[in-house]
Amino acid sequence: MSASRQEEAPAMAGEVIIVGGGMVGATLACLLGQAGVPVTLLDAREGPLDAAAAGCGRPGLRVSALTPVSQRLLDGLGAWSWMRARRVTPYRHMQVWDAEGTGEVNFSADQAGLPVLGHIVENDVVVAALEARLAALPTVRRRFGARVTGLAASDRGREVVLAGGERLAAPLVVAADGARSPLRELAGIEVEAHDTGHAAVVTTVRTARPHGGVARQAFLAEGPLAFLPLTLDDDAGYCSIVWSTSPEEAMRLTGLSAEALGQALATAIEGRLGAVTVIDRAQAVPLTQRHARRYVLPGLALVGDAAHSIHPLAGQGVNLGLMDVAVLAEELLEARRRGVALGSEAWLGRYARRRRGDNAAMLKLMDGFRLLFGARHPALTLARNLGLAGVDRLSPLKRLLMQQATGRRGRLPASCR
Ligand SMILES: Cc1cc2nc3c(=O)[nH]c(=O)nc-3n(C[C@H](O)[C@H](O)[C@H](O)COP(=O)(O)OP(=O)(O)OC[C@H]3O[C@@H](n4cnc5c(N)ncnc54)[C@H](O)[C@@H]3O)c2cc1C
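Residues numbered from 1 in each chain as written. Predicted model: local features only at pLDDT ≥ 70, side-chain atom pairs only at ≥ 80, totals over all residues. Heavy atoms only, no water.

The chain is annotated in an unreviewed UniProt entry as 2-octaprenylphenol hydroxylase of Halomonas stenophila. We quote the UniProt Pathway (unreviewed entry) comment for the chain here in full: "Cofactor biosynthesis; ubiquinone biosynthesis." Under Sequence similarities (unreviewed entry), UniProt gives the following word-for-word description of the chain: "Belongs to the UbiH/COQ6 family." (UniProt positions renumbered as here; feature names shortened; annotations may be inferred.)

Right, dumping it as structure tokens:
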């Protein structure tokens, strides 16, 4: 590129540039696009997901437990009906037990006064549904193969630089570029990082007994093992596995034959679903908890995993990210109504104040669970078994935990009510 071309002003790319079209960034683009805000959505991926393949055939390896609150948000965007027509698996019960002791807690949708506690969905199904919706929104411009490598302040707000050198500017840039967020680094925002001491082994299994709409989680000595229910073509004999364990054990487990891994899984959940057959490759995913020290700067906001990544043991990660963008969209639309600049740091602070505390509390809670269940001290083992038994009997505490798990916390944005 010539020097004179380099000096040209960056092209304006609407009012908001969103970097990252995963579940969180695509939801924000839908929320703003639905309100007629000019938005550019950039993603490094080569192209949109193959919509014909999402939710068909073998399930994707990456799944999420979505709360009823997240479901409501996606429903309001017209994405939920697309997802339901493909594949979502409701669960009405949760069973959590201490494999090292005797404690067990059972939650049910009836106790929570809800039709379901949540749904297990493949991440690709969520993104494909949002992409189908985005294609119909005239103020949203999507660009794939657009890797952002630079970020600068500009007299027009913020500008981003793409890998090929192209520069784009907007009053506000939103970083939805995942846990390792290049934008967060480019902006020099520090994170508090905790190595969880865990990696997660993910795979898909067939089980001899049907899951019965129950999400199961056993706390083993090395970490929690989740069997998340999946129903394929009315066959409730599948589960998605998230086995959090030490990185060494994760390496050993992913190196096992499918048969040996199936046996290890069946033993680890005490045969509750009978024989287990592994039907996909097993993959290890590193788990680090990170929390950005700040969520906003002038003309910049972090959302989703770019702002916080959390241990998956309570299945909260993307639910928190969806709440971030529901709140951010609400604040941005209010700013537009009042004629406030979208990149105003003072105004963006409203978003940060509404979200950082909730996310920090959930990160702390996950740390507490992990430490308590990772402890081998007999006194702690006794305490957690008594604790689990207590929680199971104490309905007010149980109700509170269910509210947390189903996302009904604090002041919800209008799009989630
Ligand atoms: C094993 C495991 C199990 C989990 N289970 C659950 C669960 O049950 N429930 C739950 O709520 N959460 C769960 N989570 C967390 C959930 O997966 C994440 O919170 C969620 O995927 C984050 O979405 P995101 O859109 O913020 O980021 P990502 O999904 O990481 O998306 C980031 C996007 O940014 C793009 N990108 C990155 N860099 C650039 C760049 N430089 N330029 C342009 N584009 C870029 C990427 O291509 C990608 O599309 C789990 C996580 C793990 C690891």
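J.: I would appreciate a short explanation of the overall build of the chain in the present structure.
T.: Helix and strand counts for the chain stand at 13 helices and 22 strands. The globule rule puts the C-alpha radius of gyration for 417 residues at 22 Å, and the 22 Å found for the chain is close to it. With the C-alpha coordinates of the chain rotated into their principal frame, the extents come out at 70 × 40 × 40 Å. Within the chain, the proportion of its 417 residues that are buried is 53%. For the chain, the share of sequence-separated contacts (at least 6 apart) that also reach a separation of at least 24 residues comes to 74%. Accessible surface, the chain: about 17,300 Å² in total, of which carbon and sulfur atoms supply 53%. Each charge class in the chain was averaged separately, 47 positive and 40 negative side chains, and the resulting centres sit 5 Å apart. (Helix = DSSP H or I, 4+ residues; strand = E, 2+ residues; numbered from the N terminus. Rg over C-alpha atoms; globule rule 2.2 N^0.38 Å. Buried < 20%, exposed > 50% of the residue type's maximum accessible area, 1.4 Å probe, protein only. Contact = heavy atoms within 4.5 Å. Areas by Shrake-Rupley, 256 points an atom, 1.4 Å probe, with all protein chains shown as cover. Lys, Arg positive; Asp, Glu negative; His and termini not counted. Charge placed at Lys NZ, Arg CZ, Asp CG, Glu CD.)

J.: Just checking my understanding: could you explain unusual backbone geometry for this structure?
T.: Negative phi values dominate among residues other than glycine, just as trans dominates among peptide bonds. Backbone geometry at Asp234 places phi at a positive 65°, although glycine is not the residue there. Judged by its relative accessible area of 79%, Asp234 falls in the exposed class. Notably, Glu270 is not glycine yet its phi reads approximately 55°, a positive angle. With respect to the secondary-structure elements, Glu270 resides in the loop between helix H9 (258-268) and strand S18 (276-278).

J.: How do you make sense of the pattern of salt bridges when you look at a structure like this?
T.: Once the charged atoms of two side chains with opposite charge are near each other, the side chains can pair. Tallied over the entire structure, the rule returns 23 salt bridges. One salt bridge in this structure joins Asp280 and Arg58, with 3.4 Å as the shortest N-O distance. Of the two residues, Asp280 is situated in the loop between S18 and strand S19 (283-292) and Arg58 in the loop between strand S3 (39-42) and strand S4 (63-66); the sequence distance between them amounts to 222 residues. By relative accessible area, Arg58 is classed as exposed at 53%. A salt bridge links Arg272 to Glu104; the nearest nitrogen and oxygen atoms lie 3.2 Å apart. (Salt bridge = Lys/Arg side-chain N within 4 Å of Asp/Glu carboxyl O.)

J.: What is the right way to read the sheet that holds strand S10 (residues 148-154) from this model?
T.: In spatial order, the strands read S1-S12-S11-S10; together these four strands make up an open sheet with mixed pairing. The open sheet has two edge strands with one neighbour each: strand S1 (11-12) and S10. As paired strands, S10 and strand S11 (residues 157-162) are joined by six bridges and run antiparallel to one another. If you follow Val148 over to S11, its bridge partner there is Leu162. (Pairing = 2+ DSSP bridges.)

J.: It is not clear to me how the packing of aromatic side chains should be interpreted in this structure. Could you clarify?
T.: Two descriptors summarise a pair of aromatic rings, namely the distance from one centre to the other and the angle between the planes of the rings. This model, assessed by the stated rule, comprises one aromatic pair. Measuring from ring centre to ring centre gives 6.1 Å for Tyr295 and Tyr351, while their planes differ by 35°; the resulting arrangement is tilted. Of this pair, Tyr295 sits in the loop between S19 and strand S20 (296-297) while Tyr351 sits in helix H11 (residues 345-374); the two residues are 56 residues apart in sequence, bridging distant segments of the chain. Of the residues examined, Tyr351 reaches a relative accessible area of 0% and is grouped as buried. Against the face of Trp97 rests Arg272, its NZ or CZ located 3.5 Å from the ring centre. Above the plane of the ring of Trp347 lies Arg350, whose end atom (NZ or CZ) is 3.9 Å from the centre. (Phe/Tyr/Trp six-rings, centres within 6.5 Å; stacked < 30°, edge-to-face > 60°. Lys NZ or Arg CZ within 6 Å of the ring centre and 35° of its normal.)

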